[in-house]
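Observations on the model geometry
What follows is the residue order along each chain.
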Amino acid sequence: MRLIAAIVVLTLIAIGAGALAGLHLFAAAERVADAKKAAAPPPLATSYAGSARLRKLSPIVTNLGAPSNNWARIEASMVTDSMNDEDAGILAAHISEDIVTYLRSASVGQFEGSRGLQHLRDDLTERANIRSSGKVRELIIETLVIQ
């Protein structure tokens, strides 16, 4: 009989200790969840300042250098620093001329694959940056169709 009483007492003590530990863990989990809800998400890092502006270039259609019966159509935008609209329009026209000149000297093989497209983007961005004296930060190719 003593043995049964001891087992019952130990069982009750274990149940009480388990219940207290569970309540403590539950309260700690609620505190952590509340802290995560209250914490503000970190701001997204951007490489552009508040003065950056996206300006769309008019679509460009021209034939390629080799083979000359292939045509290319490109739509692009440029990311510029703050400029007035007149200067930006003039700059966009000059950059469009540079893109036409570049495409007329290029062949279809230069644009094959992701590496070719990346080289095209880098070359056009570099030309735009040189033309604008550093005012164009990036040239974004939106579409490129070669027939």
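The structure we're discussing is the one just above.
Residues numbered from 1 in each chain as written. Predicted model: local features only at pLDDT ≥ 70, side-chain atom pairs only at ≥ 80, totals over all residues. Heavy atoms only, no water.

1. Brief notes about the environment of Ala17
Heads up, the rule is: Each helix is a run of H or I in the DSSP string that is no shorter than four residues. Each strand is a run of E no shorter than two, and both are numbered from the N terminus.
Summarising the element assignment, Ala17 is placed in helix H1 (residues 2–38). C-alpha separation for the pair Ala17 and Thr62, spaced 45 residues apart in sequence, amounts to 80 Å.

2. Some remarks on the pattern of salt bridges
We apply this condition: Think of a salt bridge as a Lys or Arg side-chain nitrogen and an Asp or Glu carboxyl oxygen that are within 4 Å of each other. Using a 1.4 Å probe on the protein chains alone, a residue whose accessible area is under 20% of its type maximum counts as buried, one over 50% counts as exposed, and one in between counts as partly exposed.
Counted by the stated rule, this structure contains 8 salt bridges. Ionic pairing is found between Asp85 and Arg55, a salt bridge with its closest N-O pair at 3.5 Å. In this pair, Asp85 is assigned in helix H2 (residues 85–104) and Arg55 in strand S1 (residues 53–56), connecting sequence segments 30 residues apart. On the basis of relative accessible area, Arg55 is assigned to the buried category, the value being 9%.

3. Here we look at the environment of Asn69
Inspection of the secondary structure assignment puts Asn69 in the loop between strand S2 (60–63) and strand S3 (71–80). Among the residues examined, Asn69 registers a relative accessible area of 58% and is labelled exposed. Each C-alpha atom of the pair Asn69 and Gln147 lies 8.5 Å from the other, and the pair is 78 residues apart in sequence.

4. Digging into a nonpolar patch on the surface
Note the cut-off: Exposure above 30% relative accessible area and no salt bridge define the residues that can form patches, which grow by joining like charges within 9 Å and nonpolar side chains of Val, Leu, Ile, Met, Phe, Trp and Tyr within 5 Å. Each accessible area is a Shrake-Rupley result for a 1.4 Å probe, and residues are judged covered by the shown protein chains and nothing else.
Together, Ile4, Val8, Leu12 and Ile15 make up a nonpolar patch on the protein surface, roughly 410 Å² of accessible area in all. With respect to the helices, strands and loops of the structure, Ile4 is situated in helix H1. Overall, Ile4 belongs to the exposed group, its relative accessible area being 55%.

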